[in-house]
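# Architecture and fold: a report
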Amino acid sequence: APLLLHPRKGETRKACALQEEPGAVEENGHTAKRFKPDHEEQNKKTPKRKVVLLMAYSGKGYHGMQRNVGSSQFKTIEDELVQALVGAGCIPENHAEEMKKMSFQRCARTDKGVSAAGQVVSLKIWLIDNVVEKINEHLPSHIRILGLKRVTGRFNSKNSCDARTYSYTLPTFAFLLKDHETQEESFRLSQETLGRVNELLALYKGTHNFHNFTSQKGPWDPSAKRYIMEMHCEPPFQQGGLELAVIKVKGQSFMMHQIRKMIGLVIAVVKGYAPMSVIERSWGEEKVDIPKAPGLGLVLERVHFEKYNRRFGNDGLHESLDWAEEESKIESFKKEHIYPTIIQTEIQEKSMSTWLTTLPIHDYDASSTQNTGNHKGEAAVQAVSDEEGGSD
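The following refers to the structure shown. As the structure is a computational prediction, the values presented were derived from the model and not from experiment. Residue positions are counted from 1 within each chain, in the order its sequence is given. With pLDDT at 70 or above as the cut-off, local features in this predicted model cover only qualifying residues; side-chain atom pairs require 80 or more to be listed or tallied, and sums for whole chains, interfaces and linings still use all residues. The side-chain figures draw on all heavy atoms in the structure; neither hydrogens nor water molecules are used.

### Details of the pattern of salt bridges
Under the convention used in this document: Here, a salt bridge means any Lys or Arg side-chain nitrogen found within 4 Å of an Asp or Glu carboxyl oxygen. Accessible area is worked out with a 1.4 Å probe on protein chains only. A residue is then buried under 20% of its type maximum, exposed over 50%, and partly exposed in between.
Counted according to the given criterion, the structure contains 15 salt bridges. A salt bridge links lysine 217 to aspartate 221; the shortest N-O distance between them is 3.8 Å. Each member of the pair lysine 217 and aspartate 221 is classed as buried. Linked through salt bridges whose partners overlap, the residues forming this network are Glu301, Glu331 and Lys334.

Next comes the structure, spelled out in structure tokens:
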């Protein structure tokens, strides 16, 4: 090849870098720069494309979805994902610590121990061959990429999301009346009690001030108002020796711990610890003591992009983000990794049974004096506590 007589800026440096051996020690004692991985050399000429990844994961053992860069103490789902993206050759290694360079955004933060069957993240990647399979090769079996679709360059999975649907799987003995003699395992949910549960869950529909259902938000904080589209409990079923039921809730967005507290309060009312009126009272200005149900049974079922689909789903260039073709994969993952984990953990650790014993400790009638502080202080911490409008 002919020599470059007038190398452009940076070319001389690149030529020198290619001569360095990985791990070689220079005369001054410093370690020479390592080669970039082969796939980075190959991909750097390839433009990155904006995509969304459909993710499913079992959240047990993880401190939620979002990474804490620089903290290896608390492992998250995103830690695993970013490692897999680098390992598969989808993103440069030097961007792993700063995923903003890849325009990375999660649709919903999920809390510690919470699972997902339909999480969506958006980012720019190199579209290599068999990309989904290669990412999954670098992931543990309880975290899977189930689908990938190209999206518009400005797509943001959090901001473009219209609504999120969560499910909460719980043993039906959670609705057993307090001081009842029946053994938990032998309890069976009656049609009458199921109707009562759904009557209470339906109260949450519409727009309400949920400042009592999260931490560090005052009643004057506009972001505490959230819109709930649907909430109901499905008929019970038996599995692993337990009778279980699934509560579904669909809303525009949720704050940290909001769903678990919504369910915790309904359980307290059904069991007879709190009056029905406490639900509507909780939307008022006074501080109400609300129990938070365990995180184990909570699953991010799906995220909704109706507005995006109407605008771009049929434009001939982009795909609709409905994931109908991936439905069987989603169900298979839930049956293999999510439901067994919920059931086995409940049987072994008795998280619901243990939590139920704490319900009498809460004071459902008295108002707390905690909200007499200045309004500015509460507004100041809201930026820290807000879960990006997409998490429980």
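### Observations concerning helix α3 (residues 77-88)
For the record, the criterion: By definition, any uninterrupted DSSP run of H or I lasting at least four residues is a helix, any uninterrupted run of E lasting at least two residues is a strand, and each is numbered from the N terminus. Residue count minus one, scaled by 1.5 Å, sets the expected span of a helix.
Helix length check: α3 (twelve residues) gives 17 Å between terminal C-alpha atoms against 16 Å at 1.5 Å per residue, within 8%. Most of α3 sits out of view: ten of its twelve residues are buried. Taken as a whole, α3 has its buried residues at Ile77, Glu78, Asp79, Glu80, Leu81, Val82, Ala84, Leu85, Val86 and Ala88.

### Brief notes about the packing of helix α5 (residues 191-202) against helix α6 (residues 258-271)
Rules: In this description, a line fitted to the C-alpha atoms serves as the axis of each element, helices being fitted only across the stretch in contact, and the angle between N-to-C directions of two axes falls anywhere from 0 to 180 degrees. Roughly parallel here means an angle under 35 degrees, roughly antiparallel means over 145, roughly perpendicular means 65 to 115, and every remaining angle is called oblique. Left-handed describes a crossing whose near helix is turned anticlockwise from the far helix through less than a right angle; right-handed describes the clockwise counterpart. Only heavy atoms enter the contact rule, under which two residues are in contact if any of them lie within 4.5 Å. Think of it as three bins: nonpolar holds Ala, Val, Leu, Ile, Met, Phe, Trp, Tyr, Cys and Pro, charged holds Asp, Glu, Lys and Arg, and polar takes everything else, Gly as well.
Interhelical geometry of α5 versus α6 gives an angle of 135° and a closest axis separation of 10 Å. Taken together, α5 and α6 sit at an angle that is classed as oblique. As for the relative orientation of α5 and α6, their crossing is right-handed in sense. Contact residues: α5 offers Thr193, Arg196, Val197, Leu200 and Leu201, while α6 offers Val266, Val269 and Val270. For the contact of α5 with α6, the per-class residue count stands at six nonpolar, one polar and one charged.

### Notes on the nonpolar core
The following threshold applies: Residues belong to one nonpolar core when they are buried, are Ala, Val, Leu, Ile, Met, Phe, Trp, Tyr or Cys, and are joined through side-chain atoms within 4.5 Å.
Within the largest apolar cluster, 104 residues are counted, with the highest numbers of intra-cluster contacts made by Ile91, Leu123 and Tyr204. The element best represented in this core is α6, accounting for nine residues. Excluding residues that lie within four positions of it along the chain, leucine 123 makes contacts with Arg49, Lys50, Val51, Leu53, Leu85, Ile91, Met99, Met102, Ser103 and Phe104.

### Considerations on the side chain of arginine 226
Using the following cut-off: Counted as a polar contact is a pair of N or O atoms within 3.5 Å, where, for protein atoms, one must be capable of donating a hydrogen and the other of accepting one, and residues adjacent in sequence contribute only when both atoms are in side chains.
Along the polypeptide, arginine 226 turns up in strand β7 (residues 225-233). Taking the relative accessible area as the measure of exposure, arginine 226 reaches 7% and is therefore buried. At 2.9 Å, the side chain of arginine 226 forms a polar contact with the backbone oxygen of serine 223. A polar atom in the side chain of arginine 226 sits 2.9 Å from the side chain of serine 253.

### So, empty space enclosed by the protein
As a reminder of what qualifies: Grid spacing is 1 Å over the protein atoms alone, the probe is 1.4 Å, and a cavity is where that probe fits but cannot get out, while a pocket is an open set with protein on both sides within 12 Å along at least five of seven lines and lining residues have an atom within 4 Å of a point. Grid points are joined across faces, edges and corners, and a volume is the space filled by probe spheres set on the points.
Scanning all chains against the criterion turns up one cavity of 30 Å³ or more. Volume-wise, the largest cavity comes out at about 50 Å³. Lining the largest cavity are Tyr168, Thr169, Leu170, Pro171, Pro294, Leu296, Gly297, Ile342, Glu346, Ser351 and Met352. Contributions of two or more residues to the lining of the largest cavity are made by β5 (163-171), α9 (327-349) and α10 (351-356). Per-element accounting of the lining of the largest cavity gives the leading share, four residues, to β5.

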